[in-house]
Each structure stands twice: as C-alpha cells, then as structure tokens.
Amino acid sequence: MASVELSPAPRRFGETSRPDAWWVQPLAVFAGLSAFIVYSTWAALQGTNYHFGPYLSPFYSPELFGDSPHALFGPKPGWWPGWLPFSPALLILWIPAGFRMTCYYYRGAYYKSFWADPPACSVSEPRKTYRGEKKFPLNFQNLHRQFLRLSYIIWGFLVYDAIKAFWFDGHFGIGLGTLVLCVNVVLLAGYIFGCHAFRHLIGGGLDQLTRHPVRHKLYDCASCLNSAHKKWAWASLVSVGFADVYIRLCAMGIWHDWRIL
C-alpha cells in the first residue's frame, strides 16, 4: 500500500502547547519599551528643563547648540529651519537611539514584543514567510557597528558630564544628582563595552586571539559583560531615563537636589 504523507494543518497565531504564561515577558517588554520611547521622545522635544547647576541630562549630551552653560558652540544656529522646533537633543539623540534599535538583544526583544516574530519560543506567529534583514527597513540593522563607534563618543561626553557634576560654582561637592550621573555612565559602560559588536571589534577578526595578550584580555572582559548583556541593557535604559527625570524635576523646582558634600 502506498504511503500518504500528510502535511500538518497550519497553526493559528498564538497557538502553542506551552502550559506556562509565555505572554508575560513579551508583554512586559512591550510596556517597558513603549513607556521609554514615549517619554524620551517627549523629553527630547521639550528643549527646556534639561540642565540644573552642573548637571546635564544625558538625553541632551553633548549639547552642541543650546541656551544652557553646557552648550559647546553657543545658542541655536542660524541655519536651523524656522519651521522646525529646535531642541539640542535632536542633534545627538539619534546616535544612542540608533545603537539601541540595532542592538542584537533589543532586536530579539522588540521583534517578539512588537512584531510577534515570533511572540515566544514554540508559539506560532502571524506570518508564514521570512524575509531576513536584507531589505528595507530591516537592512538598517546592519549599521549597528557604526552606531557602536559613535556611541563611544557620546559615552565619553557623559563621563565628562559626570566629572563636571562634582563641581558646584567652582567648588568640589557631591550632590544626589552627581551620583545619578555617575551610576548612569557605569551602567552604560557595562552595556556598550559588553556589546557583541565590540567583542568582534577587539578580537573577532583575529585567527589566533591568544597571540595578542592585550586584546585577548579585553575580549575576555567584554565576554564577561556580554554574558549579562540583557541586564546591562535594561539597567542602563532605566538609568538614562531616570537621570533625565531627576534633572528635569530639579530644574522645575519639584525636586531639590540633596547635597551630600
């Protein structure tokens, strides 16, 4: 008797045999990322209350042009279109935003949470074909290494901002905002120096990494950070958002910066 090979019936979206609450994690990621995107977009468009004393919001650093004492090149440039609202954050925020958007961890996170591609392991998705990341807009992800290099420049300015946060009217001091900015640069360092692309940058192109002891040590350190890349990604996301909230509320007079020293 001839055998007949039966094709499995197509699975409906969300169909799975998993008994656990698989939807909790993608839902939590969706809520967390959505909240951050909405707030950061709103904060970036304000153009006000982004500095307080020696503190500068990481959303606005480096401040290339602006009205605060932190501006590197003076006030709003004359070439800025009159019809376009001006905010110093618009000149630089695209760099960290592009880095996080193309990050290997965040890709997997928002592919599941926003596109349901797939929503979770062993859970059916709404599409039947896979296009990969070779066509627009997904080929934008290939710019991750370039955003990484630019992000180190931004991080360097944030380190400089954290150092400036120790000086109040020319005198050394420590405020709660100082600690907020210092913690932020530490968490961001754990995130960007544990990046998969950074590991490739310092050692991925070598055939025998052990012949390069300095780069081998850096590679091991980056690999150690990379093992907790997801935690660094979320911790730094929360810290950079909280740093802006703290400075903004201090500038508005709602919070008062606690001077520790």
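Here the structure is shown first, and the text comes after it.
Bear in mind that the values here come from a model prediction, so they are computed numbers and not experimental data.

Chemist: Is there a simple way to explain unusual backbone geometry in this structure?
Modeler: Where the residue is not glycine, phi is negative for most of them; where a peptide bond is considered, it is trans in most cases. Note the cis peptide between Ser61 and Pro62, where omega equals 0°. Of note, Ala116 is a non-glycine position whose phi angle comes to about 55°, a positive value. Among the secondary structure elements, Ala116 is positioned in the loop between α4 (104-115) and α5 (144-164).

Chemist: Teacher, can you tell me more about the layout of surface pockets here?
Modeler: The probe, sized like a water molecule, is rolled over the atoms to show the empty space still left. Taken as a whole, the largest pocket encloses approximately 840 Å³ of empty space. Forming the boundary of the largest pocket are 35 residues, of which Pro96, Ala97, Gly98, Arg100 and Met101 lie nearest the centre. Of all the secondary-structure elements, those providing two or more residues to the lining of the largest pocket are α1 (24-46), α3 (94-102), α4, α5, α6 (176-192) and α9 (229-251). In terms of residues, the lining of the largest pocket owes the most to one element, α3, which gives seven residues.

Chemist: How should I be thinking about empty space enclosed by the protein in this particular structure?
Modeler: For the structure shown, the criterion picks out one cavity of 30 Å³ or more. Roughly 30 Å³ of volume is contained in the largest cavity. Leu56, Pro58, Leu158, Asp161, Leu181, Asn184 and Val185 are the residues that line the largest cavity. When contributions to the lining of the largest cavity are tallied by element, the ones reaching two or more residues are α5 and α6.

Rules used in this analysis
Residues numbered from 1 in each chain as written. Predicted model: local features only at pLDDT ≥ 70, side-chain atom pairs only at ≥ 80, totals over all residues. Heavy atoms only, no water. Helix = DSSP H or I, 4+ residues; strand = E, 2+ residues; numbered from the N terminus. 1 Å grid on protein atoms, 1.4 Å probe; cavity = no way out; pocket = protein on both sides within 12 Å on 5 of 7 lines; lining within 4 Å. Points joined across faces, edges and corners; volume = space filled by probe spheres on them.

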